[in-house]
Amino acid sequence: AQSVTQLDSQVPVFEEAPVELRCNYSSSVSVYLFWYVQYPNQGLQLLLKYLSGSTLVKGINGFEAEFNKSQTSFHLRKPSVHISDTAEYFCAVKRGSQGNLIFGKGTKLSVKP
Amino acid sequence: KAGVTQTPRYLIKTRGQQVTLSCSPISGHRSVSWYQQTPGQGLQFLFEYFSETQRNKGNFPGRFSGRQFSNSRSEMNVSTLELGDSALYLCASSLEATGAQEAFFGQGTRLTVV
C-alpha cells in the first residue's frame, strides 16, 4: 500500500523568503506524484506533477519540486514567497493502474509581511 | 470550459437523516472520484467511477454510496447521518481513469450534521 508523509504540519515564513515543503512517500510500485494547493473554502488546485522524465518539475505560481527516487521524496520549493501563497499544500501519489489519489496530511504555509 | 461543479455548496442535516450530493464533471471527462476532508483525518478517498462503473472504493462504511450516470454526472449518498460525517466532500474529474491523468477538483460541498 502507498502512503504519503508531509513532515511539517505548519510552516511560517516571511514574505520574499525561500520555502521548502517536505514530502516523503512509500510504495512498492511506481507511482505518479502531485502537489495540490487549497485556499480557504476552496477545492484543490494542481500545482505540479511528476509522471516521468526530468526529476525537476516546474509548476504554476513559481513553484517547483524535485523527485528523488532513492530518498522517496518529492519536496516542493519556491525561491521567494508572497503573501498570496498562504494556503494549505497537499502532496499526493497515484498508482498507474488506479485513478484515486492518496494524500498526505497537508502543510499549512503562512506567509507573514 | 466550465470546471467541476458541486451542488449544493453548503448543507445542514440532522443526525439520522440521509443526504445526496451532486457532481458535474468537466465536459468530456469520464472519471469521477469523491473524497472526504476532515480536520482530523485529512483527505480520504471514498470511491471512483468510470463509465458508470465503480472502479475503486475506499475504506468507508456501507452508509456511503455513489453512482454515475451516462452523462458522467455523479451523486454520492450518505444514509443515517452521524455527527462524524460532518466534512467537506470533494469531487474530482479526469479524462480517463489511469494514474497519469490530472484530477480537477470542484469547490466541494460542506456538510454539517447536527
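Quick note: structure is the one above.
Described in the following lines is the structure provided in the data block.

Rules behind the numbers
Every chain begins its residue count from 1, and numbering advances along the sequence as written. For naming, the first written chain is A and the first written ligand is 1, with later ones following in the order written. Local features in a predicted model are, by the rule used here, given only for residues with pLDDT of at least 70; side-chain atom pairs are given and counted only at 80 or more, and totals for whole chains, interfaces and linings are based on all residues. With hydrogens and water set aside, each side-chain value is computed from the structure's full complement of heavy atoms. Where helices and strands are cited, they refer to DSSP runs of H or I of at least four residues and of E of at least two residues respectively, numbered from the N terminus. When we talk radius of gyration, it's over C-alpha atoms, and the globule rule is simply 2.2 Å times the number of residues to the 0.38. Accessibility here uses a 1.4 Å probe with only protein chains present; expressed as a share of the type maximum, an area under 20% marks a residue as buried, one over 50% as exposed, and anything in between as partly exposed. Surface accessibility in these figures is a Shrake-Rupley result with a 1.4 Å probe; residues are shielded only by whichever protein chains are displayed. Charged residues are defined here as Lys and Arg on the positive side and Asp and Glu on the negative side; His and the ends of the chain fall outside this count. A charged residue contributes its charge at one atom only: NZ of Lys, CZ of Arg, CG of Asp or CD of Glu. Two residues form a contact once any of their heavy atoms are found within 4.5 Å. Buried surface area refers to the total accessible area, computed with a probe of radius 1.4 Å, that the two partners give up upon joining, counted for both partners together. Think of a polar contact as two N or O atoms within 3.5 Å of one another; within protein, one of them needs to be a possible hydrogen donor and the other a possible acceptor, and neighboring residues in sequence only count if both atoms come from side chains. A pair is scored as a salt bridge if a Lys or Arg side-chain nitrogen falls within 4 Å of a carboxyl oxygen belonging to Asp or Glu. Following DSSP output, two strands are said to pair if at least two bridges run between them. The axes used here are C-alpha line fits, helices contributing only the stretch in contact, and every angle between their N-to-C directions lies in the interval 0 to 180 degrees.

### Points about the overall build of chain B
So, point 1. Scanning chain B from N- to C-terminus turns up 0 helices and 11 strands.
So, point 2. The secondary structure elements of chain B, listed N-terminal to C-terminal, are β-β-β-β-β-β-β-β-β-β-β.
So, point 3. Taken against the 2.2 N^0.38 rule, which gives 13 Å for 114 residues, the C-alpha radius of gyration of chain B at 13 Å falls within 12% of a compact globule.
So, point 4. When its C-alpha atoms are laid out on the principal axes, chain B stretches across 35 × 25 × 25 Å.
So, point 5. Split into buried and exposed, the 114 residues of chain B put 49% on the buried side.
So, point 6. Accessible area of chain B: about 5,300 Å², with a carbon and sulfur share of 48%.
So, point 7. In chain B, 11 positive and 7 negative side-chain charges are present, and the distance between their average locations comes to 5 Å.

### Some thoughts on the interface of chain A and chain B
So, point 1. Taken together, the 22 residues of chain A in the interface contact 25 residues of chain B.
So, point 2. Taken over both partners, the interface formed by chain A and chain B buries close to 1,800 Å², and the fraction arising from carbon and sulfur atoms is 46%.
So, point 3. Linking chain A with chain B are 8 residue pairs in polar contact (both at pLDDT 80 or more).
So, point 4. Those elements giving two or more residues to the side of chain A that touches chain B turn out to be β5 (31-38), β6 (44-50) and β10 (87-95) of chain A.

### Things to note about the pattern of salt bridges
Pairing of side chains with opposite charge becomes possible as their charged atoms draw close.
So, point 1. Counted by the stated rule, this structure contains 11 salt bridges over all chains.
So, point 2. Taking the shortest distance from any N to any O, the salt bridge between R77 of chain A and E66 of chain A comes out at 3.5 Å. Residue R77 of chain A is found in strand β9 (residues 73-78), and its partner E66 of chain A is found in strand β8 (residues 64-68); the two are separated by 11 residues along the sequence.
So, point 3. On the basis of relative accessibility, which here comes to 26%, the residue R77 of chain A falls in the partly exposed class.
So, point 4. As a salt-bridge pair, R55 of chain B and E48 of chain B come within 3.2 Å of each other at their nearest N and O atoms.
So, point 5. It is possible to trace a salt-bridge network through shared partners that takes in E20, E66 and R77 of chain A.

### Focus: the sheet that holds strand β1 (residues 5-7) of chain B
Residues and elements named next belong to chain B.
So, point 1. Pairing is antiparallel across the open sheet formed by 4 strands, whose spatial order is β1-β3-β8-β7. Among the strands making up the open sheet, the edge pair consists of β1 and β7 (64-68). Adjacent strand axes in the sheet meet at a mean angle of 15° when their direction is disregarded.
So, point 2. Relative to strand β8 (residues 74-78), β7 runs antiparallel, the two being bridged by 5 bridges.

### Side note on the pairing of β10 of chain A
Residues and elements named next belong to chain A.
So, point 1. The buried fraction of β10 is high, at 8 of 9 residues.
So, point 2. In this structure, β5 lies alongside β10, joined through 8 bridges in antiparallel fashion. From the neighbouring strand, V31 faces β10, where its bridge partner is R95.
So, point 3. Strand direction decides the pairing type here: β10 and strand β12 (residues 107-112), joined by 3 bridges, are antiparallel. If you follow Y89 over to β12, its bridge partner there is T107.
So, point 4. Of the pairings in the sheet, the one linking β10 to strand β11 (residues 102-103) comprises 2 bridges and is antiparallel in character. When the sheet's bridge partners are listed, V93 is paired in β11 with I102.
So, point 5. Connecting β10 to the antiparallel partner β11 that follows it, the hairpin turn spans 6 residues.

### Points about the pairing of β6 of chain A
All names here are of chain A.
So, point 1. Across the 7 residues of β6, 5 count as buried, placing the element largely inside the fold.
So, point 2. The pairing of β5 with β6 spans 6 bridges and is classified as antiparallel. For L33, the partnering residue across the bridge sits in β6 and is Y50.
So, point 3. Hairpin remark: β5 followed by β6, antiparallel, with 5 residues in the connecting loop; positive phi at N41, about 60°.

### Topic: the environment of F69 of chain B
All names here are of chain B.
So, point 1. Relative to the helices and strands, F69 is located in the loop between β7 and β8.
So, point 2. As for F69 and G108, which are separated by 39 residues in sequence, their C-alpha atoms are 19 Å apart.
So, point 3. Beyond its immediate sequence surroundings of up to four residues, F69 is in contact with E52 and E75.

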